[in-house]
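Commentary on secondary and tertiary structure
The residues making up each chain are set out below.
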Amino acid sequence: MTETTPPIATPEHTVEGFVRQYLRELTYTQGTTLERASVDDKYLALARTARAYLMSRWNRTVTQQYRQPVRGVAYLSAEYLLGRQLDNALIASGLEDIAQEALASLGLSLDELRAAEVEPGLGNGGLGRLAACFIDSLATMNIPAIGYGIRYEYGIFRQTFVDGRQVEEPDSWLDHGSPWEIARPEQEVEIAFGGHTEKTTVNGVERTTWTPGWSVLAIPYNYMVPGYLNGRVNTLRLWSARATRAFDLKIFNYGDYAAAVRAQTFAENITKVLYPEDSTPQGKELRLQQQYFFVAASLHDYIERLLGEGFDLRRLPERITFQLNDTHPVIAIPELMRILVDLKGLAWDEAWEITRKCFAYTCHTLLPEALEVWPVELMSRLLPRHMEIIYRINDEFLAQVRERYGDDEMLVRRMSIIAEHPERAVRMAFLASVGTSKINGVAELHSQLLREKVLTDFADLWPEKFTNVTNGVTPRRFVRLSNPGLSALITEAIGDGWATDLERLRELEPLADDAAFRAKFREVKQANKHRLVDLLARRDGIVIDPDTMLDVMVKRLHEYKRQMLKVLHVVSTYDKLRTGELDPASAVHRTVVFGAKAAPGYKMAKEIIALINHVGARVNADPVVSQALRVAFPANYNVTVAETLIPAADLSEQISLAGKEASGTGNMKFALNGALTVGTDDGANVEIRQLVGDDHFFLFGLTEPEASAIQEAGYRPSAHYEQNPSLRHALDLIASGEFSGGDRSVFEPIVSNLLYEDRFMVLADYQSYMDAQERVDAAYRDQDAWSRSAVLNVARSGFFSSDRSMRDYLDRIWHVDPMPIEG
Ligand code: 26W
């Protein structure tokens, strides 16, 4: 590619320059005038203006990487929970003040326009948001990296409440198009499915050809991933499915229009909607189609477009590591084997060597039910060649196992990628363990449990493969962007280097002992609380009192995360306040804020959401109780809500059963925004507590070894009900119909599940949790001491930057050097 075209000048980095570019976008792109423009026009013009300032950096990044091909990272994730793009683009270019002033000079308000942006909800929760934080850090650290994923037409559902019950609505986020994407239809890739394979021998070498049954086109859409004030803009490439032209013509001409259209929609269904499960795979065929679709398009794109035909694929491992974000993209392993052996003609062993070196796998869960398995029947039908390749990989692997451990058939059956029971199925986590060079968990405890409990046999066979990289969050979005008050306070105290070197927050430690600084810190927190009050009033019609402790639990609804423990705390406090055991006047006044979506098929989770809303309604309606306790449950918790909610929080609820939450990342965001944590020794809570110190963390509950020992010995939840009066009162109150208009049947399933099953030991940890909450109340009474602890939480949480996570991946797995962008 000869760079003949003179570089297009980036718009001037001045208020005048910004106004000029804005009016140009309004006129030439939106085709309207300031007088006639709709809010959408004004927002889209603003988005395109911010984009224009990033465009030349994007082109320079792509051009430089094309000219000087270097080793890089390709992140394969079925989910990216990106959040709104406008503010991130403005801060990445240092344009927020200029934009604010420029818009004001045109009589426009940035606040009003930013609210017009629809958040791309292309993810469920932790895994998807982590991917978004990681690509932000890779760009900010000048790492040559590309993110690959799926451009779902419908993202995570919009949650509304009807009589307190979750109702899902489709998330048609593309209705008004997205100014942040650029389609590249000319770089489409045809993706094949179904059909059959044939063995042929070509000059003595057995070759396999795959004759697909049908195919679809993968259309790439590029999204900018701007580095923070560093001239680099990396690319996130999301694939969208479209019918191949041939598809409709034949049928169409045959006059069967309905069939032609049906074929059209059938193809496009592949990227129609994100699967809203975040723990229990439904094993739906369309889900496997989605996974293969984006993986095959991405590998083809990287090998054929970015490397190009001249590249010697034997050197592929020198050039790239494909990081597999959980098991969802693991079909990439047999797909690369198919490309290398069937299409490029490499020998099996050589291809296997290359493949294993090119891939690394991150596991994000500990729940056995969350580990994906695909029935052999389905895999053989949808991807016949890949099933053959998986069989051969497994045969050669099991031969290795037998060689190493002798004929221990039990072990062989236990380690086989193919499970025999309950049906013959491909265990994707096992395929990932065999077909990658590195396997990591996402927190110290998680990686330890992966080795000891989930992938034990593989850790025994290949200890060198297993490592840990504790999660992190981007300080750009979750401090700099969402907490401008705290950012200014920090920058005033230690300069602005912290945004790209978060460990510098340590320099705040001495200021924890500075009363004036603590006072300013409290002012910032109070101002953030008022911002939240406005948001909840405007968005949800929810009224909260900023002069109460904001006790926040926001995460997906799942029994292992134990929202029920928080509900029991609310109910028993309600009970004590209404019976007078607790005097509302002297009690610490709390507002408990929930945010949580439940997977639509997860019945118990939806029941718990209904219970939270009904308990909340009763608490808020009680004239005595509501003086000291209120519950708020804004619907449709997402990244945008988190950006206002987290900076306002005083208390962060991280109360999962020890050994169940792989890491958690919300916990990190709360600590970095000066909230204190009440939590178990689970996931990254352990590392947060180690860094912030026991005096500044409210620890409670069984440890993982204690919990599993009780489970092994036989756990009888009802024993806690019998022995603990306050627990019994709380459960009896729920069972009595107190929160369901006297109808005992409504919440009976929840209560009986806790009494007779309680898989996640809510009752076992109840008293310890209540005691911890007593300690929280006592601590909160001394506001100055509380803010000292809060400042120390901020100062000691720099480790939880996703930049540090990237440094760990680079040191332990990727071994890629930064490449600053010239000019
Ligand atoms: C196929 C269904 C499915 C979909 C998503 C199963 C599992 C998932 C994800 C792995 C669930 C997830 O988001 N896990 C969360 O990942 C975060 C990032 O590493 C961790 O911080 C959370 O602890 C973990 O629950």
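Residues numbered from 1 in each chain as written. Predicted model: local features only at pLDDT ≥ 70, side-chain atom pairs only at ≥ 80, totals over all residues. Heavy atoms only, no water.

1. Looking at the side chain of Asp-457
Our working definition: Only DSSP runs of H or I covering at least 4 residues are called helices, and only runs of E covering at least 2 are called strands; the numbering of each starts at the N terminus. For each residue, the accessible area found with a 1.4 Å probe, counting protein chains only, is set against the maximum for its type, and the residue is called buried under 20%, exposed over 50%, and partly exposed in between. Pairing of N or O atoms within 3.5 Å defines a polar contact, subject to two protein rules: one partner must be a possible hydrogen donor and the other a possible acceptor, and residues neighboring in sequence count only if both atoms are side-chain atoms.
Along the polypeptide, Asp-457 turns up in helix 18 (residues 456-461). Of the residues examined, Asp-457 reaches a relative accessible area of 17% and is grouped as buried. In terms of polar contacts, Asp-457 uses its side chain to reach the side chain of Arg-414, at 2.9 Å.

2. A closer look at helix 4 (residues 96-105)
Heads up, the condition is: Throughout, the arc means that of the directions going from the helix axis to the C-beta atoms. We call two residues in contact when some of their heavy atoms are within 4.5 Å.
All of the buried residues in helix 4 are Glu-96, Ile-98, Ala-99, Ala-102 and Leu-103. On an axial view of helix 4, the arc spanned by its buried residues comes to 160 degrees, and they lie on one face. Contacts from the buried residues of helix 4 go to helix 1 (15-29), helix 2 (39-67), helix 3 (86-92), helix 5 (110-114) and helix 19 (475-481). Immediately beyond the C-terminal end of helix 4, within one or two residues, lies Gly-107, with a positive phi of roughly 75 degrees.

3. A word on the UniProt feature "modified residue: N6-(pyridoxal phosphate)lysine" (unreviewed entry) in the protein
How we decide: UniProt positions are given in the numbering used here, feature names are shortened, and annotations may be inferred rather than shown by experiment.
UniProt annotation of "modified residue: N6-(pyridoxal phosphate)lysine" (unreviewed entry) refers to Lys-669 when read in the numbering used here. The topology assignment puts Lys-669 in helix 25 (residues 666-672). Since its relative accessible area comes to 8%, Lys-669 is described here as buried.

4. Side note on the site of the ligand
Let me state the cut-off plainly: Residues are classed as near a molecule or strand on a simple rule: at least one heavy atom within 4 Å of it. Note on areas: Shrake-Rupley with a 1.4 Å probe; residue coverage comes only from the protein chains shown. Just so you know the grouping, Ala, Val, Leu, Ile, Met, Phe, Trp, Tyr, Cys and Pro go in nonpolar, Asp, Glu, Lys and Arg go in charged, and all remaining residues, Gly too, go in polar. As annotated, the domain borders come from an automatic or database domain assignment.
Contacts to the ligand come from 21 residues, most closely from His-364, Asn-471, Glu-661, Ser-663 and Gly-664. Here an oxygen atom of the ligand sits 2.9 Å away from a polar atom, N or O, in the main chain of Ser-663. Bound to the protein, the ligand loses 96% of the 570 Å² it would expose on its own. Counting residues per element, the shell around the ligand draws most heavily on helix 6 (residues 126-140), which supplies 3 residues. Residue composition of the shell around the ligand, by class: 7 nonpolar, 8 polar and 6 charged. Counting the residues that make up the shell around the ligand, at least three belong to each of domain 2 (313-471) and domain 3 (510-796).

5. Looking at the domain arrangement of the protein
Many analyses report the size of an interface as the accessible area lost when the parts associate. Examined at the domain level, the protein breaks down into domain 1 (1-68 + 94-118), domain 2 (313-471) and domain 3 (510-796). Of note, the centres of domain 1 and domain 3, computed from C-alpha atoms alone, are 42 Å apart.

6. Re unusual backbone geometry
Residue Pro-422 is reached from His-421 by a cis peptide bond, and omega for that bond is -5 degrees. Of note in the backbone geometry, Asp-758 takes a positive phi value of approximately 50 degrees without being a glycine. Relative to the assigned elements, Asp-758 resides in the loop between helix 30 (748-756) and helix 31 (762-780).

7. Overview of the packing of aromatic side chains
Rule in force here: Think of it this way: a Phe, Tyr or Trp ring, Trp meaning its six-membered ring, pairs with another when their centres are within 6.5 Å, and the plane angle makes it stacked under 30 degrees, edge-to-face over 60, tilted otherwise. As a reminder, the over-ring test applies to NZ of lysine and CZ of arginine, requiring each to be within 6 Å of the ring centre and within 35 degrees of the ring normal.
Tallied over the entire structure, the rule returns 21 aromatic pairs. Geometrically, the ring pair formed by Phe-698 and Trp-786 is stacked, given 5.8 Å between the ring centres and 25 degrees between the ring planes. Of this pair, Phe-698 sits in strand 25 (residues 698-699) while Trp-786 sits in helix 32 (residues 783-795), and the two are 88 residues apart along the sequence. Its relative accessible area of 9% is what places Phe-698 among the buried residues. Chaining the aromatic ring pairs together yields one cluster made of Tyr-75, Phe-134, Tyr-809 and Trp-814. Its guanidinium or amino end placed over the ring of Tyr-221, Arg-151 lies 3.7 Å from that ring's centre, counting from NZ or CZ. If you follow Lys-465 out to its NZ or CZ, it ends over the ring of Trp-462, 3.7 Å from the centre.

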